Amino acid sequence: MGSLGVWAVAVAALLGTSGCWLAEGHKSSRRGSVDTASISRTSSQEPHSMEKGKADGNIDQSLSDPDGGPCRRTYCGRGRQCVLMAETGRAECVCQEKCRPSFVPVCGSDGRFYENHCEVYRTACLERRRIYVVHSKDCFFKGNACTMSEYNRLKNMLLDMQPKVLKTGEQSQQRDMEEKRALVDTMFKYLDVDQDGRLVSDELEKISMKEHLEDSLLECTMQDLLRYDDYNNDGHLSLHEFYTAFQVVQLSLAEDQQISVSTVTVGLSAVLTCAIQGTLRPPIIWKRNGIILNFLDLEDINDFGDDGSLYITKVTTIHMGNYSCHAYGYEDLSQTHVLQVNVPPVILVYPETQAQEPGVSASLHCHADGIPNPKLLWLKNGMDLQPRSSKQLSLIANGSELFIGSVRYEDTGAYTCIAKNEVGVDEDISSLFVEDSAKKTRLSVGNMFYVFSDEGITVLQPSECEIRRHMKRTERIVATYEEMCPKGEGVSPQHCVWSSAVNIRDKYIYVTQPLLSRLLVVDIQAQKVVQAVTTDPFPVKMLYDKSHDQVWVLTWGDMDRTHPTLQVIPQASVGEVHHAIRTTFQRVNDFFIPPTNLIITHVRFAFVFLKNEPAVHKIDLETFHRVKTISLKNYSCIPVSMAYTHLSGFYFVQCQSKSHLQAPPQLLIDSVTDAVIGPNLNITGQPFVSPDGRYIVTPDPQSSKLIVQTVSFQGELGLNQELDEPIAVSDLAFQPSFTESNQHVVVATSGSGTDLLFADLSSGRTEVLRSLKEPLAPQAWPWGGPNRVVVSSGLFGQYLVTPSAESLFVLNGKQRTPHCEVSDIKRGNTVVWVGEV
């Protein structure tokens, strides 16, 4: 039988010891460190069920019988399988027809070698006798002078007798195997005297006598080849058995399986099976973005079956993308699996309710995210709307907006927006009331911009350009006698100094006062400052972690940033006295928290950059502890900023420029493996990602262009277009397209001039607004970040605001025109949008 110097040792070394598989075909996942974003909708199927691959069945369907057929309740034992008898329809156990072609040789208690455990139990079933595995590598050679080591010497000697090919240059394992295969082919042809493709005992004995091998073979004879490697005991050796004896690896991959496209619904489990087959196939190695997965302790990709399958226990959108498999040592032959992750629609309507007087126009908006893109349709009071036959109604942007030109009493009703795609449906209702004197029951405090300037806080209603409230700098904080901006802050005359603000679930606004070492809490409903929270000196930047309801604050210590700290305010949306908790991170230069959206409602990890350190530190947002450090040293990259898309899980890292002449390219990090993939093409500058994760826009400081990249639903990152960008971009915002659903417009401000850019990402069309007055000088805004912000009015809003040094501009994004200018707002470079409350 064949030598035991086989792949079993390699399998154990590469993949670790195999556990017992559950009936579902996977093990429970181990706790790891991969950021798997939570999904806001779950499928109605069981979370551990397997989806069938749409293209070629590479996703297992072992749990596809929802009713549970007879075979689902029948356990047949090893070596047997359950079949439904056509005559009776009953389940019966029969001997397994065939085993998976894996070569992990074992010795049976009947004294025979078997290719794997399955063959042992299958043979036992067929022969109706008990055969079990004997765990002794010399089990065949008991009482036989030809031991394992002697038998190996025999085969090595036979190989050495063959003429060798002169080796040139570097030899790969694959080329070595090709040469070995040629030697074994030559040997087989020489031994096969009658050229019938079979080696029998007479032929082996004749060669032994002809070549006078008896004196050289010590305790083994040529007949031992037949005795030990005739797997099927048919009295001769085939070329296949001869390959196995000499461990010649033969691999093949069908041409139509070189690329496999599979689709799975988010939240379910999936298994990708490698289609590479062959004799003595080594263990299968899986890669994602060039990173080997087999050796990583991943949370959701942590089991590799006996057949080399890749298991993903709970699929999320970060798992989409390309996976490649190859046999260990044979990378030239590989298969690519393209995994698309489908997501059921998640819908949002605006407004939930509205009252209008007869004769005016009304709009009802509907936004849905999902993969593939959901289709939208409207019902009125449960009945289909037919806007094509009505001049009164019209659908805009693929149904994203239902426009009623002149409302009448009969237009009163409940309008249901329904979103559908291949994997689900979602709906929501927007109610319209038509009344003679439609008055709001209370004065709305939502749909406002809060602008923080030298003079205090201005609450601005954009459509009417109306200042709804102005909180002066001398206004007192509720329950204290302290002024909002007391004297002594900044230069004389007295004015407010702000640096960063965040919206806390449309309940509160937190805003930092760096020179006062504190932040203020503004109650949106009361439109008053209700608390001052003391922080370490010079709080300059805040981000809101919506998943855990906490505010993260970066403080500098002083203007020279000599003692920076990172602090956290827990339970930020709760109406109580708040306090800041100091974390353990020192020398913090900046930090990044990935955003949430309709689909991704939970984020687990943040990233911290330390001063002059070529690394990003992954932080658990729940425990504040460092999970791991991702080194960027090999790329000499000191991180400046990050962006993230949940589609395929790419992080984009901007690296610090070593000089004004040359900036290093962005780096890509894969959030599944936490590994650096490499440079993002040759793109430099700060990356911005659209709210749905589909567009990555980078203003290139060297080429004066906006570089637009897209992420497909198969997780492929591609260069979409390069748009002319005649301004030095300070800040950039995304606004939903008013003509196409699931598309975006980019709005970019200039940090040095008076121009503003509109760029349509779907068409590439750009427009420039001019004469918006000069922005703040960069030295007048020392807190980092843009010196001229641009802030949009949410998912359904058409207005944006951007400050100049002495005033504030409201822009109409739908018409791409200036809407109005609000004067006497100086240094209003801290702006927050508050939606419907």
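Residues numbered from 1 in each chain as written. Predicted model: local features only at pLDDT ≥ 70, side-chain atom pairs only at ≥ 80, totals over all residues. Heavy atoms only, no water.

Would you mind going over the overall build of the protein chain in detail, with residue names and values included?
Of regular secondary structure, the protein chain possesses seven helices and 55 strands. Buried residues in the protein chain amount to 52% of all 837 residues. Taking the contacts inside the protein chain whose residues are at least 6 apart along the sequence as the reference set, 55% of them involve residues at least 24 apart. As presented, the protein chain carries roughly 38200 Å² of accessible surface, and 49% of it is formed by carbon and sulfur atoms. (Helix = DSSP H or I, 4+ residues; strand = E, 2+ residues; numbered from the N terminus. Buried < 20%, exposed > 50% of the residue type's maximum accessible area, 1.4 Å probe, protein only. Contact = heavy atoms within 4.5 Å. Areas by Shrake-Rupley, 256 points an atom, 1.4 Å probe, with all protein chains shown as cover.)

Go over the environment of C82, please, and point to the residues and values.
On the secondary structure map, C82 appears in strand β2 (residues 80–84). Distance from C82 to C95, taken between C-alpha atoms, is 8.7 Å for residues 13 residues apart in sequence. Beyond its immediate stretch of four places on either side in the chain, C82 contacts C71, T74, C76, A91 and E92.

Which residues make up the pattern of salt bridges, and what are the values?
Where side chains of opposite charge bring their charged atoms close, a pairing between them can arise. Scanning the model with the defined rule gives 27 salt bridges in all. The salt bridge partner of R827 is D454, with a shortest N-O separation of 3.2 Å. Of this pair, R827 sits in the loop between β54 (817–823) and β55 (830–834) while D454 is found in the loop between β23 (448–453) and β24 (456–461), placing the two residues 373 residues apart along the sequence. Its salt-bridge partner being E475, residue R469 comes within 2.6 Å of it at the nearest N-O pair. Among the charged side chains, a network of salt bridges with common partners joins D760, R765, E767 and R816. (Salt bridge = Lys/Arg side-chain N within 4 Å of Asp/Glu carboxyl O.)

Explain the sheet that holds β23 residue by residue, including any values.
Read from one edge to the other, the open sheet built from four strands follows the order β25-β24-β23-β55, with strand pairing classed as antiparallel. Since the sheet does not close on itself, it has two edges, and those belong to β25 (466–472) and β55, each with one partner. Between one strand axis and the next, the sheet turns through 20° on average, direction left out of account. (Pairing = 2+ DSSP bridges. Axes fitted to C-alpha atoms, helices over the stretch in contact; angles between N-to-C directions.)

Please set out the side chain of E401 residue by residue, giving values where relevant.
Take E401: it is sitting in strand β20 (residues 401–404). By relative accessible area, E401 is classed as buried at 6%. Within polar-contact distance, the side chain of E401 engages the side chain of S363 at 2.6 Å. Setting aside its immediate chain neighbours within four residues, E401 contacts S363, L364, H365, S394, L395, I396 and K814. (Polar contact = N/O pair within 3.5 Å; in protein donor to acceptor, adjacent residues only side chain to side chain.)

Tell me about the sheet that holds strand β47 (residues 729–736), and name the residues and values.
In spatial order, the strands read β47-β48-β49-β50; together these four strands make up an open sheet with antiparallel pairing. Both edges of this open sheet fall to β47 and β50 (766–769), since each of them pairs with a single strand only. Each neighbouring strand pair of the sheet contributes to a mean axis angle of 20°, computed without reference to strand direction. Bridge count between strand β48 (residues 744–750) and strand β49 (residues 756–760): five bridges; the pairing is antiparallel. Each residue of the ladder has a partner; that of T749, found in β49, is L756.

Go over helix α3 (residues 148–160), please, and point to the residues and values.
For α3, built from 13 residues, the straight-helix expectation of 18 Å at 1.5 Å per residue is met to within 8% by its first-to-last C-alpha distance of 18 Å. Those residues of α3 that sit buried are M148, E150, Y151, L154, K155, L158 and L159. (Expected span 1.5 Å × (residues − 1).)

I'd like a description of unusual backbone geometry, backed by residues and values.
Cis geometry marks the peptide bond from Y350 to P351, where omega comes out at -10°. Tracing the sequence through the fold places P351 in the loop between β14 (330–350) and β15 (353–356). P372 follows I371 through a cis peptide bond whose omega is -5°. The topology assignment puts P372 in the loop between β16 (362–371) and β17 (375–380). For R505, which is not glycine, the phi torsion reads 55° and is therefore positive. Positive phi outside glycine occurs at K773, with the angle close to 70°.

Please set out helix α4 (residues 173–191) residue by residue, giving values where relevant.
Helix length check: α4 (19 residues) gives 27 Å between terminal C-alpha atoms against 27 Å at 1.5 Å per residue, within 8%. Turning to α4, its buried residues number three or more, namely Q174, M177, L183, V184, M187, F188 and L191. The elements touched by buried residues of α4 are α3, α5 (201–210), α7 (239–245) and β14.

Explain the environment of L808 to me, using residue names and the numbers behind them.
Tracing the backbone through its elements, the reader meets L808 in strand β53 (residues 807–812). The exposure class of L808 is buried, given its relative accessible area of 0%. The sequence separation of L808 and E821 amounts to 13 residues, and the corresponding C-alpha distance is 5.7 Å. Setting aside anything within four residues of it in sequence, one finds L808 in contact with V451, L460, V801, T802, P803, C820, E821, V822, I825 and G828.

Break down the packing of aromatic side chains for me, with residues and values.
Overall, the coordinates contain eleven aromatic pairs when judged by the stated rule. Ring plane angle 65° and centroid distance 4.7 Å describe the contact between F607 and Y651, whose orientation is recorded as edge-to-face. With F607 in strand β36 (residues 605–610) and Y651 in strand β40 (residues 650–655), the pair connects residues that are 44 residues apart, well separated along the chain. Per residue, the accessibility class of F607 equals that of Y651, and both read buried. Lying over the aromatic face of F591, K541 brings its terminal NZ or CZ to 5.1 Å of the ring centre. (Phe/Tyr/Trp six-rings, centres within 6.5 Å; stacked < 30°, edge-to-face > 60°. Lys NZ or Arg CZ within 6 Å of the ring centre and 35° of its normal.)

Got a sec to walk through the nonpolar core? Specific residues and values, please.
Counting residues in hydrophobic clusters, the biggest one holds 83 residues, and the most contacted among them are L225, F242, F246, W286, I301, L310 and Y323. Element by element, the count of residues in this core is highest for α4, at six residues. When residues no more than four places from it in sequence are discounted, the contact partners of L225 are Y151, K155, L158, L204, D230, L237, F242 and F246. Within the second largest apolar cluster, 22 residues are counted, among which are I593, A606, L610 and I619. (Core = buried A, V, L, I, M, F, W, Y, C linked by side-chain atoms within 4.5 Å.)

Summarise the pairing of strand β7 (residues 259–265); cite the residues concerned and give the values.
The buried count for β7 comes to five of seven residues, which makes it a mostly enclosed element. Bridging between β7 and β14 involves seven bridges; their strand directions are parallel. Across the sheet, T265 pairs through a bridge with N342, a residue of β14.

Could you give an account of the pairing of strand β28 (residues 518–523), naming the residues involved and the relevant values?
Here β28 lies mainly inside the structure; six of its six residues are buried. Two strands pair when backbone bridges link them, and strand β27 (residues 508–513) and β28 are joined in this way by six bridges, in the antiparallel orientation. Residue pairing across strands places V511 opposite L520, the latter belonging to β28. Hairpin remark: β27 followed by β28, antiparallel, with four residues in the connecting loop; positive phi at S517, about 55°. In terms of strand pairing, β28 meets strand β29 (residues 528–534) through six bridges, oriented antiparallel. Paired with D523 across the two strands is K528, which belongs to β29. Connecting the antiparallel pair β28 and β29 is a turn made up of four residues, with Q527 showing a positive phi of about 55°.

Describe in detail the side chain of H319, supporting the description with residues and values.
Note on placement: H319 falls in the loop between β12 (310–312) and β13 (321–327). Within polar-contact distance, the side chain of H319 engages the backbone nitrogen of T316 at 2.9 Å.

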